[in-house]
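# Remarks on the overall topology
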Amino acid sequence: MISTDVIIIGAGIAAHSVACRLCDNGKKVIMLTKSKKMNCNSTLAQGGISVALGENDSYMSHYEDTLTAGCGLNNKEATLTLVKTAPSVIREFIDDGMNFDKNPDGSLSFGKEAAHKLARVIHAGGDRTGLKVMEQLYVNLADRAEIHEDEPVIDIITKDGEATGVITRTADGKYHTYSAPYIVLATGGIGNLYPGTSNDSTITGDSVALGYRCGAELKNLEFVQFHPTLLTFGGKNYGLITEAVRGDGGVLINEKGEKIMEGVHPLKDLAPRDVVSRAVYTHTLAGEQIYLDISKIHDFKTRFPYVSEICETNGLDLSKNLIPVAPGAHFHMGGVKALPTGETTIKGLYAVGEAACTGVHGANRLASNSLLEGLVFGRLTADNIISSNRALKLCEYEPSSLEPKLPLPSKGSIKKVMMNCVGIIRTESKLKKAVKFFEEYMPDENGFGRINPDSVSDAELEIYNMLTTGWLIAKAALERKESFGAHYIVEDENQ
């Protein structure tokens, strides 16, 4: 048994934001990650951080844009907390050493992205914002927290409805039990439930599965945001092409050179992501290749060094000014229901970042609000823990005797079902087909409950989590009968 003040499951921007604040206040923190600390979506994030720091901007304008993108499903109180707190958190982050891109006069440089009324997105290293932010957080944390890599969390341990610890398994097969009065779930989203994604390969919906198995309430699982522009050719995607490319003048065209967003939405290429993704996907389904025309962007390689590197590394000639793109899974608006201060419906369990659903993103996340959410709500979650006085509870792990139905399906099979049935455009019959597929692997009639860890390998545990999360998303999508934001459902052709 290993005891500490706070256990953080995950190692991305939200996890590090929590850890830095806790360590500043003398808390003993253990961070657990199933791979390496660099294996997170945060290091891959090309887009920036939206924050109302511009001369003509206001947090109320940021608030309104966030609600519009979220189709009004947003939790208004949580959204107001996010945008109102953001300026002070970003200023303090800058004071702590973070360098964002600046104009020649030394002022912050603001970029414009989809569904924002004005330019309010700050970047670092051009299109390497996530990596630069994480590098600064690594410096700020300065080894004050223990980070245990290659140690996946099998389950959150509960007693009498309260979280008391976690059980993990190391690379050499040893089990470790960790106990703490505060457990923070920050494992990110669900991107790798789909064949094409901007996410790190380790992001497989673990947060939803862990939350579900310990009895936490889940929320808005049906809302999966697809990014409209992943570098894609030959049936394979090679990475994200940031929305800032369209913000700087990139235009989506078909093979004939026709602008595909003309007449689709008043904001054209800078329409909300769900609108653009559906447009691109519709053309792709019809067998067309869609391109991002970058001919209007001056000095593209300097402005977007990381995008240029991705393209050229994979054999694309940027001198032709055409980047082949297709949509891919990008961000999950749903997750473990939580407050901006991290509390979930399970006492002692907190959730933050993409693992959480505070309601700030509604049915569709506004561009560049994700890194912001990790920083701001990570800070608020840590402050909540610091001001609390929950005592360490007795932590006892009792292995389940339930075993999964082996052999489990391949990851590829799960991804195919999710894209075909629970993807960008959905129908009731396809959603029912997905639910049926997942339920064939249900270990008993009670759902995807806790299983005997000795019965599965780490790879099989990951697939079990994918099955659990896929099933929950498909069921949530089936229950919402009308189209709303990122959940777009049409009538079956045979009806």
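The structure we're discussing is the one just above.
In short, a report on the structure. Model, not experiment: these values are computed from the prediction. (Residues numbered from 1 in each chain as written. Predicted model: local features only at pLDDT ≥ 70, side-chain atom pairs only at ≥ 80, totals over all residues. Heavy atoms only, no water.)

Looking now at the state of the cysteines. One pass over the structure, following the stated rule, counts 0 disulfides. Free cysteine: Cys71, not disulfide-bonded; nearest cysteine sulfur from Cys357 at 14 Å. Unpaired in terms of disulfides, Cys395 finds its nearest cysteine sulfur in Cys214, a separation of 13 Å. Residue classification places Cys395 among the buried residues on the basis of a relative accessible area of 6%. (Disulfide = S-S within 2.5 Å. Buried < 20%, exposed > 50% of the residue type's maximum accessible area, 1.4 Å probe, protein only.)

What follows is about helix 3 (residues 59-69). For helix 3, every residue scored as buried is listed here: Ser61, His62, Tyr63, Asp65, Thr66, Leu67 and Ala69. Contact partners of the buried residues in helix 3: strand 4 (49-50), helix 4 (76-95) and helix 11 (370-387). Taken from the residues just after helix 3, Cys71 is the one with a positive phi, measuring 60 degrees. (Helix = DSSP H or I, 4+ residues; strand = E, 2+ residues; numbered from the N terminus. Contact = heavy atoms within 4.5 Å.)

Here we come to the nonpolar core. Grouped together as the largest cluster of nonpolar side chains are 48 residues, with contacts concentrated most on Ile8, Val29, Met31, Ile49, Ile90 and Phe100. Discounting residues that sit within four places of it in the chain, Ile90 has contacts with Ile49, Val51, Leu53, Phe100, Ile122, Leu372 and Leu375. If you look at the next biggest cluster of nonpolar residues, it comprises 44 residues, including Ile157, Met418, Phe448 and Ala477. (Core = buried A, V, L, I, M, F, W, Y, C linked by side-chain atoms within 4.5 Å.)

Our next topic: unusual backbone geometry. Put simply, Leu406 and Pro407 share a cis peptide bond, and its omega is 0 degrees. With phi around 70 degrees, Ala115 is a residue other than glycine that occupies positive phi space. Tracing the backbone through its elements, the reader meets Ala115 in the loop between strand 5 (110-111) and strand 6 (121-122). Even without glycine at this site, Asp299 takes up a positive phi of about 50 degrees. Of note, Asp299 is situated in the loop between strand 16 (290-293) and helix 9 (300-303). For Asp299, a relative accessible area of 42% gives the class partly exposed.

A word on the sheet that holds strand 9 (residues 162-169). Spatially, the 4 strands line up as an open sheet ordered 1-10-9-8, and their pairing is mixed. Strand pairing shows two members of the sheet lacking a second neighbour, strand 1 (2-3) and strand 8 (153-159), which therefore form its edges. Sheet analysis places strand 9 next to strand 10 (residues 175-179), joined by 5 bridges and oriented antiparallel. Within strand 10, the position partnered with Gly165 by the bridge is Ser179. (Pairing = 2+ DSSP bridges.)

Take the packing of aromatic side chains next. According to the stated counting rule, one finds 11 aromatic pairs in the structure shown. Taken together, a centroid distance of 6.5 Å and an interplanar angle of 55 degrees make the contact between Phe223 and Phe484 tilted. Pair noted here: Phe223 is in the loop between strand 12 (218-219) and strand 13 (224-233) and Phe484 is in the segment after helix 14 (458-479), with a separation of 261 residues, a long-range link. When its relative accessible area of 25% is taken as the criterion, Phe484 is described as partly exposed. Ring centres 5.2 Å apart and planes at 40 degrees place the aromatic pair Phe300 and Phe304 in the tilted group. Given a relative accessible area of 7%, Phe300 falls into the buried group. The buried category is assigned to Phe304, whose relative accessible area is 0%. Three or more aromatic residues joined by ring pairs form one cluster here, namely Tyr212, Phe448, Tyr464 and Trp471. Positioned over the ring face of Tyr488 is Arg278, at 4.1 Å from the centre of the ring. Positioned above the aromatic ring of Phe331 is the side chain of Arg365, whose terminal nitrogen or guanidinium carbon lies 4.4 Å from the ring centre. (Phe/Tyr/Trp six-rings, centres within 6.5 Å; stacked < 30°, edge-to-face > 60°. Lys NZ or Arg CZ within 6 Å of the ring centre and 35° of its normal.)

Here we take up the pattern of salt bridges. With the rule as written, the count across this model stands at 29 salt bridges. Across the pair Asp150 and Lys36 runs a salt bridge, and its minimum N-O distance is 2.5 Å. You can see Asp150 sitting in the loop between strand 7 (146-148) and strand 8 and its partner Lys36 sitting in the loop between strand 3 (29-32) and helix 2 (41-44), a full 114 residues away along the chain. Judged by relative accessible area, which is 39%, Lys36 ranks as partly exposed. A salt bridge links Glu64 to Lys117, with the shortest nitrogen-to-oxygen separation between them at 3.4 Å. (Salt bridge = Lys/Arg side-chain N within 4 Å of Asp/Glu carboxyl O.)

With that out of the way, let us pick up the packing of helix 12 (residues 411-421) against helix 13 (residues 428-439). Packing of helix 12 against helix 13 brings their axes to within 9 Å, and their N-to-C directions diverge by 160 degrees. With respect to each other, helix 12 and helix 13 are oriented roughly antiparallel. As for the relative orientation of helix 12 and helix 13, their crossing is left-handed in sense. Facing helix 12, whose interface residues are Ser413, Ile414, Val417, Met418, Asn420 and Cys421, helix 13 presents Lys430, Leu431, Lys433, Ala434, Phe437 and Phe438. (Axes fitted to C-alpha atoms, helices over the stretch in contact; angles between N-to-C directions. Parallel < 35°, antiparallel > 145°, perpendicular 65-115°, else oblique. Left-handed = near helix turned anticlockwise from the far one by under 90°.)

Judged by pairing direction, the sheet is antiparallel, and its 5 strands sit side by side in the order 14-13-17-16-15 without closing on themselves. Each having just a single partner strand, strand 14 (236-240) and strand 15 (251-253) make up the two edges of the open sheet. Averaged over all pairs of adjacent strands, the angle between strand axes in this sheet comes to 50 degrees, irrespective of strand direction. The sheet contact formed by strand 16 and strand 17 (residues 322-332) spans 4 bridges and is antiparallel. Paired with Tyr291 across the two strands is Pro324, which belongs to strand 17.

The element strand 9 is largely enclosed, with a buried count of 8 among its 8 residues. Relative to strand 9, strand 8 runs antiparallel, the two being bridged by 6 bridges. Counterpart to Asp155 in the pairing with strand 9 is Ile167. Between the antiparallel neighbours strand 8 and strand 9 lie 2 residues, among them Asp160 with a positive phi of about 55 degrees. Taken together, strand 9 and the strand that follows it, strand 10, pair antiparallel across an intervening segment of 5 residues, in which Gly173 is found at a positive phi of about 85 degrees.

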